[in-house]
Amino acid sequence: MSSATVETRPGHQNPVGWLWRHWRDFRRTRPYWGGKLAMIAGVPILYFPYAHLTFGGLTIAMSTTAGAGSLIIGVLMIILGLTAWFQPAVRVFAGIATILLTLVSIPVSNLAGFGLSLLPGLIGGGLMVSWAPLPEPATAPATGHRARRGKQADNPIAQRVATETAATEAAELAEPAKAEAVEAPTVKLPAQGTPKEPVAEAAAPQQGATDAAAPQQPTAGEQEEAR
């Protein structure tokens, strides 16, 4: 059986790969290089005032009255570097403090550890101040009505404006419908089963009434008697 046909055991992980992945995540989620440079810059400031350099048979001691100040500055820079690693929320304060301590160490601690701590301290402080966390992985973008609803749910002001806009549009659509309902003529149809009104007809004049109204002429016998 070859190694290509061997099935991997579930849950089995390479410890080296596991450590490398966690170390990579650790470096990416905090100002790693800024904190590291700050700790590197604190070592020369802390070391030289208490060091004894030997050149052949000649021993040079550089301990001066600035030894206590150098000790405090070096320890503080190392602590600020560790703080930037394990408390990334205070990275701006740690970076500004590192830059200030590096500048103070120039006159206090042998020109910032004979210049060995000057550039690492300034660059490390700048990296801590300018560091920003990685953006969160973007999810599948919602489209259409779901995307609008998601944005409105996140922003209450946008939700309120959208509600007012919808109410205004509904009112504008309702006004033309009301106007058409008012202007439309209403036609009344006669109800089924109701008697129709009799139509007034012009009455013809009666013959008797005409004769009574006309003057009566005297007959021939009445004229002779009148004579």
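This one's a predicted model, so the numbers in the text were calculated from it and none came from an experiment. (Residues numbered from 1 in each chain as written. Predicted model: local features only at pLDDT ≥ 70, side-chain atom pairs only at ≥ 80, totals over all residues. Heavy atoms only, no water.)

Peer 1: When you look at the nonpolar core in this model, what are you seeing that I'm missing?
Peer 2: Most often, soluble globular proteins have nonpolar side chains that are buried together. In terms of nonpolar packing, the biggest core is built from 11 residues, these being Ala-38, Ala-41, Ile-45, Ile-73, Met-77, Leu-80, Ala-84, Ala-94, Ala-97, Leu-101 and Met-128. Mapped by element, the contributors of at least two residues to this core are helix H2 (32–47), helix H3 (67–86) and helix H4 (91–108). With four residues, H3 is the single largest residue contributor to this core. Apart from residues lying up to four places away in sequence, Ala-94 is in contact with Leu-80 and Met-128. (Core = buried A, V, L, I, M, F, W, Y, C linked by side-chain atoms within 4.5 Å. Buried < 20%, exposed > 50% of the residue type's maximum accessible area, 1.4 Å probe, protein only. Helix = DSSP H or I, 4+ residues; strand = E, 2+ residues; numbered from the N terminus. Contact = heavy atoms within 4.5 Å.)

Peer 1: For this particular structure, what's the right way to read the packing of aromatic side chains?
Peer 2: What characterises a pair of aromatic rings is the spacing of the ring centres plus the angle enclosed by the ring planes. Summed over the entire model, instances satisfying the criterion amount to eight aromatic pairs. Note on Tyr-32 and Trp-33: the rings are 5.0 Å apart at their centroids and 80° apart in plane angle, and the pair reads as edge-to-face. Geometrically, the ring pair formed by Tyr-47 and Phe-48 is edge-to-face, given 5.5 Å between the ring centres and 65° between the ring planes. Residue class for Tyr-47 comes out partly exposed when judged on its relative accessible area of 47%. Accessibility expressed as a relative area gives 14% for Phe-48, which makes it buried. Aromatic ring contacts, followed pair by pair, group Trp-23, Phe-26, Tyr-32, Trp-33, Trp-85 and Phe-86 into a single cluster. (Phe/Tyr/Trp six-rings, centres within 6.5 Å; stacked < 30°, edge-to-face > 60°.)

Peer 1: What is the right way to read the confidence of the model for the protein from this model?
Peer 2: Fine structural detail should not be taken from predicted coordinates in areas where pLDDT scores are low. Overall, the predicted model of the protein reaches an average pLDDT of 74, with 59% of residues at or above 70. Ranking the elements of the protein by mean pLDDT puts helix H9 (residues 207–213) last, at 49, and helix H6 (residues 118–130) first, at 94. Overall, residues 199–204 carries pLDDT values under 50, and its contacts beyond four positions in sequence, including any with other chains, amount to zero contacts. (pLDDT = per-residue confidence, 0-100.)

Peer 1: Any chance you could explain the environment of Arg-27 here in plain terms?
Peer 2: Following the sequence through the fold, Arg-27 ends up in helix H1 (residues 15–28). Residue Arg-27 is classed as partly exposed on the basis of its relative accessible area, which comes to 25%. With 58 residues separating them along the chain, Arg-27 and Trp-85 place their C-alpha atoms 8.6 Å apart. Beyond its immediate stretch of four places on either side in the chain, Arg-27 contacts Trp-20 and Tyr-32.

Peer 1: Please clarify how a nonpolar patch on the surface should be interpreted in this entry.
Peer 2: The grouping of Val-92, Ile-96, Leu-100, Leu-103, Ile-106, Leu-111, Leu-122 and Val-129 at the surface amounts to a nonpolar patch, some 640 Å² of accessible area in total. Examining the composition of the nonpolar patch, we find that five residues originate from one element, H4, more than from any other. Counting through the fold element by element, Leu-111 comes out in helix H5 (residues 110–114). You can call Leu-111 exposed: its relative accessible area is 58%. (Patch = residues over 30% accessible without salt bridge, like charges linked within 9 Å, V, L, I, M, F, W, Y side chains within 5 Å. Areas by Shrake-Rupley, 256 points an atom, 1.4 Å probe, with all protein chains shown as cover. Salt bridge = Lys/Arg side-chain N within 4 Å of Asp/Glu carboxyl O.)

Peer 1: Explain the packing of H2 against H6 here, please?
Peer 2: Each pair of packed helices can be summarised by the angle the axes make with each other and by the distance between the axes. Taken N-terminus to C-terminus, the directions of H2 and H6 make an angle of 155°; their axes are 7 Å apart at the nearest point. As summarised for this structure, H2 and H6 are arranged roughly antiparallel, according to the angle between their axes. Crossing handedness for the pair H2 and H6: left-handed. Taken together, the residues of H6 that come into contact with H2 (itself represented by Trp-33, Gly-34, Gly-35, Leu-37, Ala-38 and Ala-41) are Pro-120, Gly-121, Ile-123, Gly-124, Leu-127 and Met-128. Class assignment for the residues of the contact of H2 with H6 results in eight nonpolar, four polar and no charged. (Axes fitted to C-alpha atoms, helices over the stretch in contact; angles between N-to-C directions. Parallel < 35°, antiparallel > 145°, perpendicular 65-115°, else oblique. Left-handed = near helix turned anticlockwise from the far one by under 90°. Nonpolar A, V, L, I, M, F, W, Y, C, P; charged D, E, K, R; others polar.)

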